[in-house]
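Working through the structure, step by step
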Amino acid sequence: MFDPDIATLTNRTVELVFETRRVETGQDVWELPYALTEPDFTYDYAGKTWNAADFYENTATDALIILKDGAIVYEKYFNMVQPHTHWISYSMGKSFSAMMLGAALKEGLVKSIEEPIDRYIPELEGSAYEGMAIRHVLQMRSGTDWVDYPYDPGPARDIQDAAFMQNVERFYTPTFTATKKHEPGEVFNYNTLESSLISLLCARVSGKTFSEFMSEKLWKPAGMESYGFFVLDGPPDVGFEFTGGGFNAVPRDYARAGQMMLNGGVANGHRIMDEDYARACGIPGSSDTCEWNPGYNYGYQFWTLDGTNAFTAIGGGGQWIFIDPDTRTVLVKLSHTPGTMPEHQETADETHAFLLAASAWSPT
């Protein structure tokens, strides 16, 4: 799927390949106003100043949307991608798990993120997660002994294969036997399993599939224009949503989700989550920058940008929902860049430079 020669095709045809479950939308579409203009700014990268138009080709962009103060000021599609194309989010999907936990908190289905997560998922009793605050799972600071890199042989690759290729195991099951490496809260360790735990919690407290809960509490009230869908780890009667990397939606609905976070949890006139929680998603869990993602830290399933108040959902292969409260900017970038190093890191670094320049840009 990450092969750059075919990724722009595979990223938009996921529904033809895997078992999936839809997140249905309603009839009341959140109409985003338009104030279109051409980006006339530059950005600096690799010792050179680039025009905004250079960015698309340099970083294998397939869709780019920029919003200022809730209005779309730029929207462009490439490589046969269209506004109605359902594009995979990869790890941007983790941020939707955090959004749905916010909705569960607002509805009183979960009382506090300081509660122990095994109160809602009793299968975690006896594992490293027993007695652990939901907050530490949300921030990926659980201290569990897990290496989240499915490209190399090991447990992460094994569960990906068993869950999504063979459909014989639920993706979240390794958490039930997790062991401890650090005390909770001490160390950030990127862990896709923990996004699945957050969404499993939401499904348990709502009594619905995660997709049904997301449809009822986010997709319909927020006025999304098209359905979304999740890759499942089994047939629809038993499969659970791959919320850590298998969500798909159309580009403008990703933009609506970003605008909701910029609005402090309000979308289409409806409060989806409490403002304090929405703001906390973009606050880093510690002052330590991420060793393998320099310049970034981690909040509630969102990456934060050091030295700014901006935060962003990031997915493999160059997927971004960038939110900057200071400049009232939301930017969505969908891409087909390779998901391996060093090529992906290079395009991520250039994207970082472009994001900051686009955020500072004041359209005429």
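Refer to the preceding data block for the structure.
These remarks concern the structure in this document. (Residues numbered from 1 in each chain as written. Predicted model: local features only at pLDDT ≥ 70, side-chain atom pairs only at ≥ 80, totals over all residues. Heavy atoms only, no water.)

Among the surface-exposed residues, Val 147, Tyr 149 and Tyr 151 lie close enough to one another that they form a single nonpolar patch of about 290 Å² accessible area. Locating Tyr 149 in the fold gives a position in the loop between helix 4 (134-138) and helix 5 (155-165). With a relative accessible area of 37%, Tyr 149 lands in the partly exposed category. (Patch = residues over 30% accessible without salt bridge, like charges linked within 9 Å, V, L, I, M, F, W, Y side chains within 5 Å. Areas by Shrake-Rupley, 256 points an atom, 1.4 Å probe, with all protein chains shown as cover. Salt bridge = Lys/Arg side-chain N within 4 Å of Asp/Glu carboxyl O. Helix = DSSP H or I, 4+ residues; strand = E, 2+ residues; numbered from the N terminus. Buried < 20%, exposed > 50% of the residue type's maximum accessible area, 1.4 Å probe, protein only.)

Let us now look at helix 6 (residues 192-206). Its 15 residues place the ends of helix 6 22 Å apart at the C-alpha level, agreeing with the 21 Å of an ideal helix rising 1.5 Å per residue. Among the 15 residues of helix 6, 14 are classified as buried, and the element is accordingly described as predominantly covered. Positive backbone phi, at 70°, marks Gly 207, one or two positions downstream of helix 6. (Expected span 1.5 Å × (residues − 1).)

Relative to each other, helix 3 (residues 93-106) and helix 7 (residues 210-219) sit at 70°, their axes nearing to 10 Å. Classed by the angle they form, the pair helix 3 and helix 7 counts as roughly perpendicular. The residues of helix 7 that touch helix 3, namely those facing Phe 96, Ser 97, Met 99, Met 100, Ala 103 and Ala 104, are Phe 210, Phe 213, Met 214, Lys 217, Leu 218 and Trp 219. Here the residues of the contact of helix 3 with helix 7 sort into ten nonpolar, one polar and one charged. (Axes fitted to C-alpha atoms, helices over the stretch in contact; angles between N-to-C directions. Parallel < 35°, antiparallel > 145°, perpendicular 65-115°, else oblique. Contact = heavy atoms within 4.5 Å. Nonpolar A, V, L, I, M, F, W, Y, C, P; charged D, E, K, R; others polar.)

Turning our eyes to something else, we now look at the sheet that holds strand 14 (residues 319-324). Strand order across the open sheet formed by seven strands is 5-4-15-14-13-12-11, with antiparallel pairing between neighbours. Either end of the sheet is taken by a strand with one partner, and the two such strands are strand 5 (71-77) and strand 11 (296-298). Direction aside, neighbouring strands of the sheet carry axes that sit 20° apart on average. Relative to strand 12 (residues 303-305), strand 11 runs antiparallel, the two being bridged by three bridges. Paired with Tyr 298 across the bridge in strand 12 is Trp 303. (Pairing = 2+ DSSP bridges.)

With that settled, the discussion passes to the sheet that holds strand 1 (residues 20-23). With antiparallel pairing, four strands are arranged side by side in an open sheet as 1-7-8-6. Two strands bound the open sheet, and with one partner strand each, they are strand 1 and strand 6 (87-88). Here two bridges tie strand 7 (residues 228-231) to strand 8 (residues 247-249), and the two strands are oriented antiparallel to one another. Of the residues in strand 8, the one forming a bridge with Phe 229 is Asn 248. The sheet contacts of helix 7 involve strand 1, strand 7 and strand 8, and relative to strand 1 the element is tilted by about 20°.

Moving on, we get to the packing of aromatic side chains. A full pass over the atoms with the stated rule returns 28 aromatic pairs. Each ring, one from Phe 55 and one from Phe 354, has its centre 3.8 Å from the other, and the planes form 5°; the classification is stacked. Of this pair, Phe 55 sits in helix 2 (residues 54-58) while Phe 354 sits in helix 10 (residues 343-360), placing them 299 residues apart in sequence. Grouping residues by exposure puts Phe 55 and Phe 354 together as buried. (Phe/Tyr/Trp six-rings, centres within 6.5 Å; stacked < 30°, edge-to-face > 60°.)

As a further point, take helix 5. Looking at helix 5, one finds that the buried residues are Ala 156, Ile 159, Ala 162, Ala 163 and Phe 164. The buried residues of helix 5 all sit within an arc of 165° when viewed along its axis, so they share a single face. Opposite the packed face of helix 5, turned more than 90 degrees from it, sit the exposed residues Asp 158 and Met 165. Next to the buried residues of helix 5 lie strand 7. Directly after helix 5, the chain includes Asn 167, whose backbone phi takes a positive value near 60°. (Arc of directions from axis to C-beta.)

Moving on: empty space enclosed by the protein. A complete count under the given rule lists one cavity of 30 Å³ or more for this structure. Put simply, the largest cavity is a space of about 30 Å³. Ser 91, Lys 94, Ser 95, Tyr 190, Tyr 298, Gln 301, Trp 303, Ala 313 and Ile 314 are the residues that line the largest cavity. Elements with a minimum of two residues in the lining of the largest cavity: helix 3 and strand 13 (311-315). When its residues are assigned to classes, the lining of the largest cavity shows five nonpolar, three polar and one charged. (1 Å grid on protein atoms, 1.4 Å probe; cavity = no way out; pocket = protein on both sides within 12 Å on 5 of 7 lines; lining within 4 Å. Points joined across faces, edges and corners; volume = space filled by probe spheres on them.)

Looking at where Leu 232 falls in the secondary structure, it is placed in the loop between strand 7 and strand 8. Once the C-alpha coordinates of Leu 232 and Ser 199 are considered, the two residues, 33 residues apart in sequence, prove to be 13 Å apart. For Leu 232, the residues in contact, after removing those within four places along its chain, are Glu 19, Thr 20, Arg 21, Phe 164, Asn 167, Gly 239, Phe 240 and Glu 241.

Along the chain, Ser 215 falls in helix 7. Owing to a relative accessible area of 6%, Ser 215 belongs among the buried residues under this scheme. One polar contact links the side chain of Ser 215 to the main-chain carbonyl oxygen of Glu 24, over a distance of 2.6 Å. With sequence-adjacent residues up to four places away left out, Ser 215 is seen in contact with Val 23, Glu 24, Lys 220 and Pro 221. (Polar contact = N/O pair within 3.5 Å; in protein donor to acceptor, adjacent residues only side chain to side chain.)

Okay, the pairing of strand 3 (residues 48-51) next. In this sheet, strand 3 lies alongside strand 2 (residues 42-45) in antiparallel orientation, the contact comprising four bridges. Note that in strand 3 the partner of Asp 44 across the bridge is Thr 49. Between the antiparallel neighbours strand 2 and strand 3 lie two residues, among them Ala 46 with a positive phi of about 55°.

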